[in-house]
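# Reading the structure
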Amino acid sequence: MRLNSPKLNLIYKACMKASKSLIRDFGEVEKLQVSSKGPGDFVSSADKRTEKIIINELLNAQPDYGILSEEAGVINEKNKSNRWIIDPIDGTSNFLNGIPHFSISIGYEENNEIKCGLIFDPIKNELFFAEKGNGAFMNNSRIRVSKKKSLKNSILATGGPKFNSKKKNLILEEYVEISKKIDTPIRKFGSASLDIVNVACGRFDGFWQRELNYWDIAAAEIILKESGGYIENFELQEKDLNKKNIIASNSLIHTDLLSLITKKNIV
Ligand code: 2AM
Ligand code: CA
């Protein structure tokens, strides 16, 4: 494991501590799944427990750093130059339903740029991490995006639309449009962060999803960039800059994928 930088080391420590509790909680969810009560509120408390462990570790080390986290929101609001961006469980619906596909995602942002990040899938024991200029890794291995050039032969993944999305029709139309252009059916795994790191390590060639939050993709962004991929927020959400419409790809299919999405916007 090459976690040379102090920042990466710190988020690694926080993540590993939190993941122990998360794995225990997932075991509990699996049990509750088959009980008549179902997991219900247990999941949101698992989310908060994981988040608390991460935040405590980070604040202990850097008391004045800013934090943006899915459940806790903003901490140390004044510090906008050094921020941790945290998603304690990305893939909450999977977690809730006992589906073993979710991650802890922690990114570090300096002056509005993500400098390093880590995404951990505690069930598959896959740790993805990267720091600007130093490449991207999964566990002990350097990772690279795929070399596929043709959209037609690509493996693509997406997510959404959420049940109350105002763009449901557009999102579904885009899904149909893209489906028609590719040979292998689109994948939908329910964790944006894991989808993007799967592009980073060449399993997928591209991913797109509208209406994500910054914490869903912050850590994934640097991991993908350092693996040779390209990530783009293709349509700015003027009212809320934390909302992101994302295309993440191996770079080579990027323009072709983007053209299928932006074409729809013009109509
Ligand atoms: P979450 O598990 O942290 O909510 C699922 O399609 C992916 O989209 C997950 O990464 C999920 O993150 C993310 N996502 C973000 N906002 C969402 C929303 N409002 N509804 C469903 N998924 C959302
Ligand atoms: Ca998320």
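With that out of the way, let us pick up the site of ligand 1. The local shell around ligand 1 holds 16 residues, among which Asp90, Gly91, Thr92, Lys162 and Ala192 are the closest. Between Ile89 and ligand 1, the recorded distance is 3.2 Å, taken from a backbone N or O atom to an oxygen atom. Asp90 places a side-chain nitrogen or oxygen 2.6 Å from an oxygen atom of ligand 1. Expressed as a share of its isolated accessible area of 470 Å², the protein-covered part of ligand 1 is 77%. For the shell around ligand 1, the secondary-structure elements that each account for two or more residues are strand S3 (82-90) and strand S10 (206-213). Among the residues forming the shell around ligand 1, the class breakdown is 3 nonpolar, 8 polar and 5 charged. Composition of the shell around ligand 1 by domain shows at least three residues from each of domain 1 (6-142) and domain 2 (156-262).

With distances of 2.0 to 2.3 Å, the protein atoms coordinating the calcium ion (ligand 2) are Asp87 (OD), Asp90 (OD) and Asp216 (OD). Its relative accessible area of 0% is what places Asp87 among the buried residues.

On to the packing of aromatic side chains. Under the defined criterion, the tally for this structure stands at 8 aromatic pairs. Plain terms: the ring middles of Phe26 and Phe102 are 4.9 Å apart, the flat faces sit at 55° to each other, and that makes the pair tilted. Note that Phe26 is positioned in helix H1 (residues 6-33) and Phe102 in the loop between helix H3 (92-96) and strand S4 (103-110), a separation of 76 residues in sequence. Summarising the aromatic geometry, the rings of Tyr65 and Trp84 are spaced 5.6 Å apart at their centres and angled 35° between planes, so their arrangement reads as tilted. In this pair, Tyr65 is assigned in the loop between helix H2 (41-61) and strand S1 (66-69) and Trp84 in strand S3, connecting sequence segments 19 residues apart.

With that settled, consider the sheet that holds S1. The strand order S2-S1-S3-S4-S5-S6-S7-S8 describes an open sheet built from 8 strands, whose pairing is mixed. In the strand order of this sheet, the two ends are held by strand S2 (73-75) and strand S8 (141-142), each with one partner. Two strands pair when backbone bridges link them, and S4 and strand S5 (residues 113-121) are joined in this way by 7 bridges, in the antiparallel orientation. If you follow Ser105 over to S5, its bridge partner there is Ile119. Seen against the sheet, H1 touches S3, S4, S5 and strand S6 (126-131) and runs at an angle of roughly 30° to S5. Along the sheet, H2 contacts S1, S2, S3 and S4; its crossing angle with S3, the most-contacted strand, is approximately 155°.

To continue, consider the domain arrangement of the chain. When the domains of the chain are assigned, the result is domain 1 (6-142) and domain 2 (156-262). Placing the centre of domain 1 and that of domain 2 at their C-alpha centroids yields a distance of 20 Å. Taken together, the 35 residues of domain 1 in the interface contact 21 residues of domain 2. Taking both partners together, domain 1 and domain 2 bury about 2100 Å²; carbon and sulfur atoms supply 63% of that area.

At their nearest, the axes of H1 and H2 sit 9 Å apart, and the two run at 165° to each other. With respect to each other, H1 and H2 are oriented roughly antiparallel. As H1 packs across H2, the resulting crossing turns out to be right-handed. Taken together, the residues of H2 that come into contact with H1 (itself represented by Leu10, Ile11, Lys13, Ala14, Lys17, Ala18, Ser21, Leu22, Asp25, Glu28, Val29 and Leu32) are Phe42, Val43, Ala46, Arg49, Thr50, Ile53, Ile54, Glu57, Leu58 and Ala61. Split into classes, the residues belonging to the contact of H1 with H2 amount to 14 nonpolar, 2 polar and 6 charged.

A few words on H2. Note on helix geometry: an α-helix contains 3.6 residues per turn, so any two residues three or four positions apart are oriented the same way. Taking 1.5 Å of rise per residue, 21 residues should cover 30 Å, and H2 covers 31 Å from first to last C-alpha, within 8% of that figure. Taken residue by residue, H2 has Phe42, Val43, Ala46, Asp47, Thr50, Glu51, Ile54, Ile55, Glu57 and Leu58 as its buried positions. Of the surrounding secondary structure, the elements contacted by the buried residues of H2 are H1, S1, S2, S3, H3 and S4.

This part takes up the nonpolar core. In terms of nonpolar packing, the biggest core is built from 34 residues, with Ile196, Phe207 and Ile223 touching the most fellow members. Of all the secondary-structure elements, those providing two or more residues to this core are S5, S6, strand S7 (136-138), helix H5 (192-200), S10, helix H6 (214-226) and strand S12 (243-249). The dominant element in this core, judged by the number of residues it contributes, is H6, at 9 residues. The residue makeup of this core includes at least three contributed by each of domain 1 (6-142) and domain 2 (156-262). When near neighbours in sequence (up to four residues on either side) are disregarded, Ile196 contacts Phe207, Ile217, Ala220, Leu224, Ile231, Ile246 and Ala248. Counting residues in each nonpolar core, the second largest holds 32 residues, with Leu22, Val43, Leu127 and Phe129 among its members.

Criteria and thresholds
Here the residue numbers are simple positions, counted from 1 along each chain's written sequence. For naming, the first written chain is A and the first written ligand is 1, with later ones following in the order written. pLDDT decides what is reported in this predicted model: residues at 70 or higher carry local features, side-chain atom pairs at 80 or more are listed and counted, and totals for whole chains, interfaces and linings draw on all residues regardless. Heavy atoms from the whole structure form the basis of all side-chain values; hydrogens and water molecules are not counted. Proximity is defined per residue: any heavy atom of the residue falling within 4 Å of a molecule or strand makes that residue near it. Polar contact criterion, stated in full: a pair of N or O atoms within 3.5 Å, where within protein one must be able to donate a hydrogen and the other to accept it, and residues adjacent in sequence count only if both atoms are side-chain atoms. Each accessible area is a Shrake-Rupley estimate made with a 1.4 Å probe; only the visible protein chains count as cover when residues are assessed. Secondary structure follows DSSP: runs of H or I at least 4 residues long count as helices, runs of E at least 2 residues long count as strands, and numbering of each begins at the N terminus. Here the nonpolar group is Ala, Val, Leu, Ile, Met, Phe, Trp, Tyr, Cys and Pro; Asp, Glu, Lys and Arg are the charged ones; every other residue, Gly included, is treated as polar. An automatic or database domain assignment provides the domain bounds reported here. Each metal's donors are the N, O and S atoms within 2.8 Å of it, or within 3.2 Å when it is Na, K or Ca, and because water is not part of the set, sites may look incomplete. Exposure is judged per residue with a 1.4 Å probe applied to protein chains only, and the accessible area is read against the type maximum: over 50% gives exposed, under 20% gives buried, and values in between give partly exposed. Each pair of aromatic rings taken from Phe, Tyr and Trp, with Trp reduced to its six-membered ring, is defined by centres within 6.5 Å and is described as stacked if the planes are under 30 degrees apart, edge-to-face if over 60, and tilted in the remaining cases. Any two strands are treated as partners once DSSP identifies two or more bridges connecting them. Residues count as neighbours in contact if any of their non-hydrogen atoms are within 4.5 Å of one another. Throughout, an axis means a line fitted to C-alpha atoms (over the contacting stretch in the case of helices), and angles, computed between N-to-C directions, take values from 0 to 180 degrees. Note on definitions: buried area is the accessible-area loss of two parts on being combined, 1.4 Å probe, summed for both. Each angle receives one of four descriptions, namely roughly parallel if under 35 degrees, roughly antiparallel if over 145, roughly perpendicular if within 65 to 115, and oblique otherwise. Less than a right angle of anticlockwise turn of the near helix away from the far helix marks a crossing as left-handed, whereas a clockwise turn marks it as right-handed. What a helix should span is 1.5 Å times the count of its residues minus one. Among buried residues, those of type Ala, Val, Leu, Ile, Met, Phe, Trp, Tyr and Cys that are joined through side-chain atoms within 4.5 Å constitute a nonpolar core.

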